[in-house]
Structure formats: structure tokens, C-alpha cells
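# Commentary on secondary and tertiary structure
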Amino acid sequence: MADDIKILVVDDEPAAIKNAERALKAMGFDVEGALGGKEAITKMEQNNYSLVLTDLKMPEMDGLTLTGWIRKSRPDTGVVIIADYPSQDTIKEALALGVIDYVPKPFTPAVLTDVTHRALKIKGKVYVEEKPREEFTPSMLNELDRAIKEYKKKPGSSIPALQRAQEIVGYLPPEIQKRIARGLNISPAEIHSIVSFYAFFTMKPRGDHLIRCCLGTACFVRGIEAILNKLKEVLKIDVGDTTEDRKFSLETVRCLGCCAIAPVMMVDEEPQGALTPKKAVSVLNKYAPVGMEEAHPEEVGIIEEKE
Amino acid sequence: MQRLTIEDLKNIKEKHKATFALREGGYRAKVTVHMGTCGITVGAKDVMDALINEVKKNGLKDVTVGSAGCAGLCGREPIVTIEEIGKETIKYCDMNAEKMRKIVVAHLIEGKPVEDYALPHQKDLPFYNLQELRVLQNIWFMDPESLEEYIARDGYQAAAKALTQMTQEEIIKVVKDSGLRGRGGAGFPTGLKWEFASKVQSEVKFMLCNGDEGDPGAFMDRSVMEADPHSVIGGMIIGAKAIGAHQGYIYVRAEYPLAVKRLQIAIKQCYEAGLLGKNIFDSGFDFDLEIYQGAGAFVCGEETALMRSIEGKRGMPRPRPPFPAHKGLRDKPSVLNNVETLAQIPLIILNGAEWYKSIGTEKSTGTKVFCLAGAIKNVGLIEVPMGIPLRTIVYDIGGGMRGKKKFKAVQMGGPSGGCIPESLLGLPVTYEDIVKSGAIMGSGGMVFMDEDNCMVSVAKFFLGFTTDESCGKCVPCRVGTRILLDILTDICEGRGKEGDIETLEDLCKDIIAASLCGLGMTAPNPVLTTIRYFKDEYEAHIKDKWCVAGVCRDLCTFFIDEKLCKGCLACLRACPSKAIVGEKKKPHRIIQELCVHCRSCYDSCKFKSIKVLPAAAREASEAELLQLAGVATPTGV
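Residues numbered from 1 in each chain as written. Chains lettered and ligands numbered in written order. Predicted model: local features only at pLDDT ≥ 70, side-chain atom pairs only at ≥ 80, totals over all residues.

Take the overall build of chain A next. The helix and strand tally for chain A stands at 12 helices and nine strands. For chain A, the C-alpha radius of gyration of 25 Å lies well beyond 19 Å, the compact-globule estimate for 307 residues. Taken along its principal axes, the extent of the C-alpha atoms in chain A is 85 × 50 × 35 Å. Burial analysis of chain A (307 residues in total) assigns 36% to the buried set. Considering only residue pairs separated by 6 or more positions, chain A has 60% of its internal contacts joining residues 24 or more positions apart. (Helix = DSSP H or I, 4+ residues; strand = E, 2+ residues; numbered from the N terminus. Rg over C-alpha atoms; globule rule 2.2 N^0.38 Å. Buried ≥ 20, exposed ≤ 12 C-beta atoms within 10 Å, placed from the backbone. Contact = placed C-beta atoms within 7 Å.)

Now for the overall build of chain B. When helices and strands are tallied, chain B shows 26 helices and 18 strands. Relative to the compact-globule value of 26 Å for 637 residues, chain B shows a C-alpha radius of gyration of 27 Å, a close match. For chain B, the spread of C-alpha atoms along the principal axes amounts to about 85 × 70 × 40 Å. Across the 637 residues of chain B, 55% fall into the buried class. Look at the contacts in chain B between residues 6 or more apart in sequence, and 72% of them connect residues 24 or more apart.

With 257 residues, the main nonpolar core has Cys214 of chain A together with Cys371 of chain B as its most contacted residues. Discounting chain neighbours no more than four positions away, the residues touching Cys371 of chain B are Cys259 of chain A together with Gly217, Ala218, Phe219, Met220, Leu381, Gly444, Gly445 and Met446 of chain B. With 31 residues, the next largest nonpolar core counts Ile17, Ala23, Ile81 and Ile82 of chain A among its residues. (Core = buried A, V, L, I, M, F, W, Y, C linked by C-beta atoms within 7 Å.)

What follows is about the interface of chain B and chain A. If you look at the interface, chain B gives 46 residues, while chain A gives 38 residues. Listed by contribution, the elements that provide at least two residues to the side of chain B that touches chain A are helix 2 (37-41), helix 13 (303-310), strand 10 (367-374), strand 14 (445-450), helix 18 (455-469) and helix 24 (570-574) of chain B. Looking at side-chain class alone, the side of chain B that touches chain A contains 23 nonpolar, 15 polar and eight charged residues. (Nonpolar A, V, L, I, M, F, W, Y, C, P; charged D, E, K, R; others polar.)

Let's shift gears to the sheet that holds strand 5 (residues 206-211) of chain B. Residue and element names in this part refer to chain B. Across the sheet, which stays open at both edges, the five strands sit in the order 7-8-6-5-9 with mixed pairing between neighbours. At either end of the open sheet lies a strand with only one pairing partner, and these are strand 7 (277-280) and strand 9 (334-338). Strand after strand, the sheet turns through a mean of 25° between neighbouring axes, direction not considered. Where strand 7 lies against strand 8 (residues 285-293), two bridges are found, and the strand directions are antiparallel. Among the inter-strand pairings, Ile280 is bridged to a residue of strand 8, identified as Phe285. (Pairing = 2+ DSSP bridges. Axes fitted to C-alpha atoms, helices over the stretch in contact; angles between N-to-C directions.)

Residue and element names in this part refer to chain B. As assigned here, chain B comprises domain 1 (18-122), domain 2 (155-356), domain 3 (367-450), domain 4 (455-543) and domain 5 (556-631). Centre-to-centre separation of domain 2 and domain 3, based on C-alpha positions: 27 Å. With 15 residues of domain 2 at the interface, the matching set in domain 3 holds 18 residues. Broken down by class, the residue content of the side of domain 2 that touches domain 3 amounts to four nonpolar, six polar and five charged. (Domains from an automatic or database assignment.)

As a further point, take the packing of helix 6 (residues 138-152) of chain A against helix 7 (residues 158-169) of chain A. Geometry of a packed helix pair, given as the angle between the helix axes and the separation of the axes. Residues and elements named next belong to chain A. Here helix 6 crosses helix 7 at 165°, and the two axes come no closer than 10 Å. With respect to each other, helix 6 and helix 7 are oriented roughly antiparallel. Pair helix 6 / helix 7 crosses with right-handed handedness. Contacts between helix 6 and helix 7 involve Met140, Glu143, Leu144, Ala147, Ile148 and Tyr151 from the first element and Pro160, Ala161, Arg164, Ala165, Ile168 and Val169 from the second. Taken together, the residues of the contact of helix 6 with helix 7 break down into 10 nonpolar, no polar and two charged. (Parallel < 35°, antiparallel > 145°, perpendicular 65-115°, else oblique. Left-handed = near helix turned anticlockwise from the far one by under 90°.)

With that out of the way, let us pick up the pairing of strand 9 of chain B. The element strand 9 of chain B is largely enclosed, with a buried count of five among its five residues. Here strand 9 of chain B shows two buried faces, one formed by Ser334, Leu336 and Asn338 of chain B and the other by Val335 and Asn337 of chain B.

Moving on, we get to helix 16 (residues 390-397) of chain B. Residues and elements named next belong to chain B. Turning to helix 16, its buried residues are Leu390, Ile393, Val394 and Ile397. When helix 16 is viewed along its axis, its buried side chains cluster within an angular range of 130° and face the same direction. Buried residues along helix 16 sit against helix 5 (126-129), strand 10, strand 11 (380-385), strand 12 (407-412) and strand 13 (418-421). (Arc of directions from axis to C-beta.)

The next point concerns the environment of Glu60 of chain A. Residues and elements named next belong to chain A. Here Glu60 lies in the loop between strand 3 (51-54) and helix 3 (63-73). Owing to 11 C-beta atoms within 10 Å, Glu60 belongs among the exposed residues under this scheme. As a C-alpha pair, Glu60 and Lys121 span 61 residues in sequence and 32 Å in three-dimensional space. Leave out the neighbours within four places in its chain, and Glu60 touches Gly36, Gly37 and Lys38.

Attention shifts here to the sheet that holds strand 2 (residues 30-34) of chain A. Residues and elements named next belong to chain A. Spatially, five strands are ordered 2-1-3-4-5 in an open sheet, and the strand pairing comes out parallel. Every interior strand has two partners, whereas the edge strands, strand 2 and strand 5 (101-104), have only one. The mean inter-strand angle of the sheet, taken between neighbouring strand axes irrespective of direction, is 20°. Pairing of strand 1 (residues 6-10) with strand 3, which is carried by four bridges, proceeds in the parallel orientation. Bridging from a neighbouring strand, Leu8 pairs with Val52 of strand 3. Across the sheet, helix 3 lies against strand 1, strand 3 and strand 4 (78-83), angled at about 165° from strand 3, the strand it touches most. Where helix 5 (residues 109-122) meets the sheet, its contacts fall on strand 3, strand 4 and strand 5, and the angle it forms with strand 5 comes to roughly 175°.

Residues and elements named next belong to chain B. Summarising burial for strand 11: six of the six residues are buried, a large majority. The side-chain alternation of strand 11 yields two buried faces, one formed by Gly380, Ile382 and Val384 and the other by Leu381, Glu383 and Pro385. By the bridge criterion, six bridges tie strand 10 to strand 11 in an arrangement that is antiparallel. Counterpart to Lys368 in the pairing with strand 11 is Val384. Between strand 10 and the antiparallel strand that follows it, strand 11, lie five residues.

Turning to helix 9 (residues 188-197) of chain A, a few remarks are in order. Of all the positions in helix 9 of chain A, only Ile191, His192, Ile194, Val195 and Phe197 of chain A are classed as buried. Looking at the packing, one finds that the buried side of helix 9 of chain A touches helix 5, helix 7 and helix 8 (174-184) of chain A.

The next subject is the packing of helix 10 (residues 220-227) of chain B against helix 12 (residues 257-272) of chain B. Residues and elements named next belong to chain B. Remark: helix 10 packs on helix 12, axes separated minimally by 7 Å, with the N-to-C direction vectors making an angle of 35°. For the crossing formed where helix 10 meets helix 12, the hand is left-handed. Between helix 10 and helix 12, the residues in contact are Arg222, Met225 and Glu226 and Leu258, Ala259, Arg262 and Leu263, respectively. Classifying every residue of the contact of helix 10 with helix 12 gives four nonpolar, no polar and three charged.

Okay, structure coming up:
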């Protein structure tokens, strides 16, 4: 694994550091951030980093100056430039300083991890090529490859192919997206652009049962919000997340077209209508135990209004 | 099944007509369980199982059992229809397995219909007798998975006529003369669209069906695809011939699994029967049809975005011209029609333009399917003649608001539409008249709102939708709707300030003028119409910090009017923060410090004893509250 590999991300924008951290930590790297060249040098004097990803334009000390310092003082450390709109001259200068690569902003996590892998390989680090996670069984991947082969015959079938892939794997993490891209012979960026555009696709693993809460107008008018809040409370997750035991995933959908029986949620492919918060919980209990609110004891002498 | 010829169609029709007439089929009664999504959700499958078991158990060999689509009155599902020779047809509603068993014994064996469970006769129900069924004529009666039943109801006769007896020009002329306008919302004349595409010279053309019903609150396309898939296919075959296309796609939302399944079955049946594929009806005309499942993006209902999506790309719209009739899917001439539009086509070809025009108004001919949803009593699916006044739909067909609440507005056209207030209920339902109100006809969703709905929140709800669904390509839509949403959120959360309404109006005009596609151009409509008709609510939110409907948590104080409270404990039990104290049969009281303003008590009270006061009232003393509850009215009311 990548345990012994430390990466330093240098940028004057905290958000940019956070983005890079998120992508690289997901790959198992030890990542630290530095807000500017000076802080980076301080950190490098105390620690050994395999790779530095740095922005170019930063106040106090810019990326090129930092790269110069690294070349001289820490020759074993690789440098990758991350920059918005670098000029040809800057790139030439950076390459002359021996940087491994440069990534234009904005970048997708897939691009960043790709570049990182390549850079580490060049630097001779013993980082093992990404291997499919254990959860993808060989039979699953075989089925996926077979399906992709079928879709390759038809032009413009990347969406159906992704739908099928999600059916097989359950979700579409970067490695699966890349596998599909390779199989269909289109760029991973294009596949990613589709996955990130359509609400149907998810890059997070889903639970055994998918709950889709309808946020349509009719459901809104009939009080879906209270139900959604109840579900979040009972399942202890937010929209878009999966419970710890991987039993349920909670998502919202714009309209299920079952407005007559609003408010509605769909569990897997079964719409469940005329919900109240209490009823929603009891519906889930049919799929897997989530606990139940104790009902208030019925009081006597209440006249229900009849229509 | 072998390939069908026109002669076969006639034979099947004759043969199955017999089954429908019951007598010749050897049956004395037919029981239909309505199995649309709405019915299945509330237990139609259990009812069906109980029915089949009970019929078998009692050896009722002269009773035939079948399924059909939604019976229209979705709020009363599961619904079961029993037809008997020589007797009135009876519909049973709110069914369950136990009731079904009882009905089989009482109605079918003993011959005594169970009045308690039955709907009043259709002729006496305004919900049914004010409707004019054309598109929905098959839905209530036909098994959607049976090609024979469809053929018996004149199915594919129109396609046969169009393919073997009519030229392209003749088909287009009939559709143009009928005055049919696109039922997707904008109302572009269908015949004209076909004419444009037919005149373009190209080897390859595409006939497309838009089943990406994205408007929240609309479900008529789902119902048609689920219950009458063959009518849509029939319409597509005719359209394909008219424009000269040999390949078609039906684009369906992935959120409609049952519709996808039924369409798949129908397409398979058609290929087996030679109604799709090569040389249909030996006319020499080829047409291939495929289903394309969407992946959850509202903007894909826009035609250029939908075509991009079928190409397997991000569903982003592009500027027009070139129009799809010249350069559409894969840059080939393409026609995209809505599900309901296509389902009308076979009827027009079969019965002629004059018949079609015989109802409706001069510029909006024929019928329109609407979905009634929200705070209305009779939620469901209806088909009415164009030109019917809105008031008739609300109070006669819809039966007024639930729980005798007061009507506040009807939202038409989804996120692109607007809210129509009580004062405009006299408007006839036509494309031209609805537009005058600031709303649009839309695809047919009508969501009703009563006095308990806050109109600012409704506008905020729709803007939340459009900001989420904006594809991000053009700035006015992407950034503009975001700013609208921010201002509306501020107003709803008590940060509204003088001048906000004017800023909203200004910004709306800019977004309409500068957006690239229909999504952005119409996104401000919900804001503009709510400001136009419910300005007092906006002002009460901004100036008085008061949400009169008690929806915006930060802008209301709940207070129990002791004179009206019966001490039933309902609100006390409903309160999640234990802020209500009191004993049985004695007036309750809300402890303001503990109240989280969730409105649970307000909704649970059957005696209207809970009042909504301005946010400032939280600090007031009991005596002041009492006084406020009696006299206070918001600014502008």
C-alpha cells in the first residue's frame, strides 16, 4: 500500500488543498497541505515527502522558486505543478527545472490520482499499481467486461453501459469508470462527465436497499419534508449516504410521478405512498429492522372528522 | 405470433370483441383490477390474489378476471370494476383483500352488490361524467400487456391505414387540419413540425418520443405508457411514415420502472407480430423502435438536451437554430413528440380531423389529460375537452379542497409554470388563456394548494428545483436562479428586506431574456406569478416577519385559542418538543420557550383552535397573545 508515501500539497487557496487532499487520501496516501512556498519549505525541512504538488502563483514565494529550492535541497522529491492558465513560457521554465508534470485547473479527482501514480512511478517509488478492490469479485468484473463488449458495438451507448455497470457493481467508483472508458474506447473524462451529470449515477457504494424520497410538488405540498427528516433521524445518515451496516441508502428524487398518493418514497423499485413519518419507518422495518417509535396510547373520546 | 396482416387485425378484433361482450365469450361477468403504479402501491396485487383465489375456490367458471391501467380516481385505489351482462357496471374503491373476498361472495355468487364499498354510478359522479375520454379511452378497460386486447379496441388500424392507404402529405394534412398541438407544454402544432422534417432531404431521419416526464406533479405520460403502450407505438409508426424515418427511440425516465417494462413487452410483441421491423403490413415501410432510459436529469426533457443524451453525452441543450427538424439526433433530421401527443395520433388518423376538432376551442382543439394532485379531494388522472373552465376542474371534477379547506392556488406547468389564484378560476383551459395568467399549460400537472400553503415557500421550492436541475451551461440560468433562491430563502427565514420584491422582479426579467433554453427562460415564472397574485404574502414575510400559513418556521408563533380548544390531546401528542401542556377536555397551552415551530400541532388540530401569529408574538404575554389572535391581520390584507 501507499502507507510510507507522503505527499505535500502547496497552494494559497485552502479550498484547493482540501480538494487535492480529498482525492489523494481516498487513494490511501498520507497527504499534508501548506499555504504557500515558505510554509512548504518549513515542512520539508522537518519531513520527508515523496512528492510535492504545487500551485504556481502564490504570494511571498511562487511555485517556480519553491521548485528551484526543492531541486537543490531535496533532489529525491518529485514535483508536479498544478496551475490555472500557465503561459507557455512558465511551463517551459518549469520543465527546465525538472518538474514531472503539470495539471491544469480545474481537474477531476481521476486526473489528479492518475498524475500522482505516474509521478511516483517515475520517482521509482514502490507504489503498487491500483488493483481492483476486494469488493469487486472476478465474476462481477467478467460480467461487466462482457456487458461493455456488447455496448461497444452500438454508438452512443455510454449511458446504457453505465446503467448496466451500476446494476452489476452497485456504484461507479473511478476504477470502474476507467474500466468502462477503456472498454468503450472513449476517454475517462467523458465517462466521468456523464456520471457526474446524471442524478441516477452514484460514485458512492449503495446499501442493500435504496430509498428514494420524492421531492415533487405534490409531495412537498403534502409534507414530504417531515418524512425525510424522520428517515434521516432513524437511519442516522444524510441524503446521499449509506447506513453503517450497508442496509439502506437514502437519496432524493425530483418526482416519482405518483403524485396522487403523495407523499411518496420508493424503496428499491416499489413506490410507497400516502406516507406519514411513522408509516415510513414501519415500511423500512419490512426490509430491515431500523427500530420503531413507540406509538402513543390511543386516547378515548376523540371524534375523528369524517369527510 | 406470426406476422399480422390487415386481414388478421380484423379477425382478432372480431374474435376478441366477443370476449368483451361477455356473452359470446361464455362469461357472465368480468372483474378488472386496476393495476397502475398508484393501485399497486396501495395493495392492488393483494386484491388481485384474493380475487383469483376466491374465484377458483368457488369454482366460478363463468367469471373472467383481468387487469387494466389506472382508473383515474387515484386517491381511491385500489379500484375494482365488475361488468355483468345486462347489469350496471359497478366500481368498488378503497379495496383490500378482505373486501374483495366479501364482494366475490356477495356480488358474484349471491348477486347482491356491496353498496358500502361501491362508488356511486359513473353517470352520477361529476368526476367521471364531465370528462371526455380519448387518450384515456383504453386505460380504464384494457390489459396493457395484451396486444390482442389492444387490436380488439381498433388498435393499429390507424397505422395500417396510414401505411397502406395514405401518402406522407395526406398524413401531415390530416394532423395539421386537426389542429393538434404538442402536449408537452409549449403547444407547437404537431402537423407543422412533421411537415418541416418531411421536407428535409436525408437518408436517415429519427422519430423520437419524449417520455422524460420531469415536471413534478405530472404523471399522465407515465399512466399512458404504463396502461396503453401500444397507442404510443402506433402514433410513432404513423409519425415515422409521415416524416420518412426508419428508426425511432422512446426516451423514458429511469424513475418509471413499470412504464419501461410495459413498453418493452409491447415492443417485443410488435416485433413478433411484424408491426415493427421490416415491411410492416407489406407496405414496404420499415421502422425500428428502441427504448432509451434516461438517467435522471430534468433538462433532458428539452429537445436538444434529450437528443444529446441519446447520443450518450451530458444532456445539455444547445442554441437553436439549427432546429432538430434539420439537425437533430446525430445531426440528422429528427422529430420529438410528447407521449400524449403521439397517443392522439392514431385516433386522428382513424376518425379524421373534423372529428378531432369537434371538441375544444378554435385554437386549442381536442382534449387534454391533466393530473390532479396536492390539496384537492379527488386526486387522479382526468381528460377534459379544451376550453373547460378551471373552476369546473377544481370544484366539480376535483371535488374542492380536502378537509373543506379554502382553495388558494393551482400550480400549472411545473417549474416552468405558475400559480393561478381563485380570482382567475374562470379562465378556460386553452394554451392562449393560461399563458395570459403568467402560468403555462405545461404537460398537464395541476398541483392544488390550500390556505395552509405558503406561496413564498412554493416559489422557493421551485427555484430549489431549477437551481438543482440547471445544467450549468449558461450563466443567466446557472447564477441567476441561484440568486433568486438566495433572496427567497432570506425572505422565508426572516432576513427579507425592503426592495427584495423589486430585485426579484428585475432579475426575473433578465433571466427570461438571456437564458439559452426553455429551462432558464421559464424558471422565473413561479416567482413572478406568486408575486403578481400573492404580493401580500411576500410583504407579510418581509415587513411583519409573519408567515400567515405557518410554514416558515422563523416567521410564526403558534397559539392555542382556548375558546376553540376541546382538550382532545391530539396536539399534545403530536408535539415533538413537549411544548404543549394541558389535561384531557381542558384547553391546552403552548410553552413558547420550548416550541420549535414545527407546525405538528397545527396540522393535528381538528378544531382549528391553533392560530398562527407573527414571529414577534413569541415575546408577548398571554393577554397580548389573546388580543393579537383576535385582531391581527398582516400588511396588505
